[in-house]
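Below are the chains, spelled out letter by letter.
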There are 2 protein chains.
Amino acid sequence: MESHEIKYTGATSTFYFNGSFDELKTLAPIEHTFLITDEHLMMHYQASLKHWPVIVIPPGESSKSLDVLDDIIRQLIALDAGRDALIVGLGGGVVTDIAGFVAGIYKRGVRCALMPTSILAMVDAAIGGKNGLDIGDYKNMMGLIRQPEFLLYDYELLSTLPEEEWVNGFAEIIKHACIQDEDMFAALEQHTLQDYQEDPKLLDALIRRNALLKAGIVQADEWEHGERKCLNFGHTLAHAIENVYQLPHGHAVAIGMVVAAKLSAGLCGFADQDRLVNLLQQYGLPVSFSFDPDRAVQYLLADKKRAGNKVSYVLLEGIGKAIIRPLPISEIKTAWT
Amino acid sequence: MESHEIKYTGATSTFYFNGSFDELKTLAPIEHTFLITDEHLMMHYQASLKHWPVIVIPPGESSKSLDVLDDIIRQLIALDAGRDALIVGLGGGVVTDIAGFVAGIYKRGVRCALMPTSILAMVDAAIGGKNGLDIGDYKNMMGLIRQPEFLLYDYELLSTLPEEEWVNGFAEIIKHACIQDEDMFAALEQHTLQDYQEDPKLLDALIRRNALLKAGIVQADEWEHGERKCLNFGHTLAHAIENVYQLPHGHAVAIGMVVAAKLSAGLCGFADQDRLVNLLQQYGLPVSFSFDPDRAVQYLLADKKRAGNKVSYVLLEGIGKAIIRPLPISEIKTAWT
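Residues numbered from 1 in each chain as written. Chains lettered and ligands numbered in written order. Predicted model: local features only at pLDDT ≥ 70, side-chain atom pairs only at ≥ 80, totals over all residues. Heavy atoms only, no water.

## Quick notes on the relation of the copies chain A and chain B
Operational definition: Least squares is used to superpose the copies, and the fit set is the C-alpha atoms of residues whose pLDDT is at least 70 in both copies. Residues count as neighbours in contact if any of their non-hydrogen atoms are within 4.5 Å of one another.
Mapping chain A onto chain B leaves a residual RMSD of 0.0 Å; the transformation is a rotation of 180° accompanied by 0.0 Å of translation along its axis. Both chain copies can therefore be described as sitting about a two-fold axis. Closest approach to the rotation axis among the C-alpha atoms of chain A is made by Leu-66 of chain A, whose C-alpha sits 3.4 Å away. Comparing contact sets, 100% of the residues at the interface of chain A also lie at the interface in chain B, consistent with an isologous, same-surface contact.

Here it is in structure tokens:
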């Protein structure tokens, strides 16, 4: 196991790469620790989790609700969790979102740690302290920005990750390459998903690179006033279509990146649309999708990143070079049509 | 109107004393402001509130629930409240608690201001950034510590405050005097509730003194590691009995202070029990109550301020001189019996 400290404004997160459940026993003493995970993961890892009290929630985005929150808080009270509690979220983005939020508000805030179990959570969702619950179709309408005390990476957990979730996770990896890491983009072009699945060292290096890339961006702009917005590359459209059409998040992001790349070609001379399309296809991701632009724009209008009639849109000047442009909603609608 | 800035760790709160709704128009521009208030206050102040969109909740502690939270968030979405929203809580402690929490989590946090309408909120609940929602009988199981941007005091709002709420509020004023301000204790002995109700200058001075006293304690210990716990004088027992017996908060605190004073006499030589009892009675507060100690201790066991088998109990060495002692639960039970 190797550790890496990231200092944010008011907190420090320690990243433990190449760790395991054995190390969780040291990091999360049984007396104060309460695990939150979902039913699927509980089924797979029950034996490893037997050391701690575990709160189990249904899998999937629909668990990011006030009903599930109510249930978790009641269980924590029943388990006698005090202000000295450490809440550990073991799961993908849904679990890390809920666990982070619960830790942020339970008894006005207790300690939080995350053990991401999907590629997406390992390189993106678990990093940066953002968490959230949904209200109906509106995602993350409630949430906090609050850094976890530590993140523990156990790549063994990926052995039970379904193939489509590997593909989903690589959408965010390709996004990171697009906005800030041209070398990684080139390396991804040289490999396939299978290479990473079969070579633990290659995978460790990739996940570490992505986790620290994201942590670095967050570190520079924890409250999302500027640079952090780059992480939204591909996400403006993704958020507007993923719920309506029930698309996997990574698919929606891939489609969103292609549309943003087209916009970038027109607005800031981006010349590598084809390379991006090819890379996405190489990792099994979709590059186009037929959607209703009116409905997507309607979603955008209710979205939280809007200031007035413009939306901050992330564009590329080149591979590895993102810029943020406020675009009028009318211009976005044209691009989406 | 006079303003007073208090700088906390990561935020500044401005206190505007002797203000009015007219000044709220300047401080809270209509484009971005969303008021939260309760049905009673809406009835009294509808004309003054017509400038802003208002979210109205049912009065009383039962509104500090996830159902009301869900309703408020849906209304904010429908009102198109963005990340630049300013949420203004206009009300007593229940409204300021809900408004503070909503502002802390809506779209991962928006601006918050409070306009307290009760004595209790003006001198205590609205100050210090603590907010909370309840889960069943357990109070403030969810919440945050997050400072409001400003607090606006309009004493005209007290003209509709029921007499019993004046009495309730004075319990916290007497508490402040007990823990940190012997001169104020003496001044309170020289006056009656009616004096303060009839003399705006006397009232302004008292409220200002209490608001800044509390803000000063919070400033010194925002995250409640030490000194801030003094504010819990009388509250250990109060929290344990107020729900079970449906006692008004001020009554429960008064009873709790008398019990804490008795404990203080035995444990640290406190000699002014009689003065405290007399002062509480002078302001219409109860000084004894027959309750089931087993049930109260049971509540204490689930409360959030517990670390292991001991509870931090606030005692007095003298009027104006509080100390915090970790007491075993068994000793507390004896004192409560």
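## Concerning unusual backbone geometry
Residues and elements named next belong to chain B. Using the following cut-off: Here a strand is any run of E in DSSP of at least two residues, a helix any run of H or I of at least four, and the numbering for each starts at the N terminus. Accessible area is worked out with a 1.4 Å probe on protein chains only. A residue is then buried under 20% of its type maximum, exposed over 50%, and partly exposed in between.
Its identity as a non-glycine residue notwithstanding, Asn-140 has a phi of 50°, on the positive side. With respect to the helices, strands and loops of the structure, Asn-140 is situated in strand E8 (residues 138-142). A relative accessible area of 11% means that Asn-140 is categorised as buried. Positive phi, normally seen in glycine, also occurs at Gln-246, with a value near 55°. Note on placement: Gln-246 falls in the loop between helix H10 (235-242) and helix H11 (249-268). Classification of Gln-246 as exposed rests on a relative accessible area of 69%.

## Considerations on the pairing of strand E6 (residues 111-116) of chain A
Residues and elements named next belong to chain A. The condition is simple: The handedness of a crossover follows from its direction of travel: if, with the strands pointing away from the viewer, the path from the first strand over the helix to the second runs clockwise, the crossover is right-handed. A pair of strands counts as paired when DSSP detects no fewer than two bridges linking them.
In terms of burial, E6 is largely enclosed, as five of its six residues are buried. A crossover connection joins strand E5 (residues 86-91) to the parallel E6 through helix H4 (residues 93-105); in handedness this β-α-β unit is right-handed. Relative to strand E9 (residues 150-152), E6 runs parallel, the two being bridged by two bridges. Bridge pairing in E9 links Ala-113 to Phe-150.

## Points about the packing of aromatic side chains
This is how the line gets drawn: Paired rings are identified among Phe, Tyr and Trp, the last through its six-membered ring, by centres lying within 6.5 Å, and are further divided according to the angle between planes into stacked (under 30 degrees), edge-to-face (over 60) and tilted (the rest).
Within this structure, the stated rule accounts for 20 aromatic pairs over all chains. Considering the side-chain rings of Phe-170 of chain A and Tyr-283 of chain A, the 5.1 Å spacing of their centres and the 10° angle between planes classify their relative orientation as stacked. Of this pair, Phe-170 of chain A sits in helix H6 (residues 163-180) while Tyr-283 of chain A sits in the loop between helix H12 (273-282) and helix H13 (293-302), placing them 113 residues apart in sequence. Overall, the relative accessible area of 2% leaves Tyr-283 of chain A in the buried class. Both rings, one in Phe-15 of chain B and one in Tyr-153 of chain B, keep their centres 6.3 Å apart while their planes meet at 20°; by these two values the pair is stacked. With Phe-15 of chain B in strand E2 (residues 12-17) and Tyr-153 of chain B in the loop between strand E9 (150-152) and helix H6 (163-180), this residue pair connects regions lying 138 residues apart in the sequence. With relative accessibility at 0%, the residue Phe-15 of chain B sits in the buried group.

## Side note on the side chain of Ser-65 of chain B
Residues and elements named next belong to chain B. Of note, Ser-65 is situated in the loop between strand E4 (54-57) and helix H3 (66-78). Ser-65 sits in the buried class, given a relative accessible area of 18%. Discounting chain neighbours no more than four positions away, the residues touching Ser-65 are Leu-133 and Asp-134.

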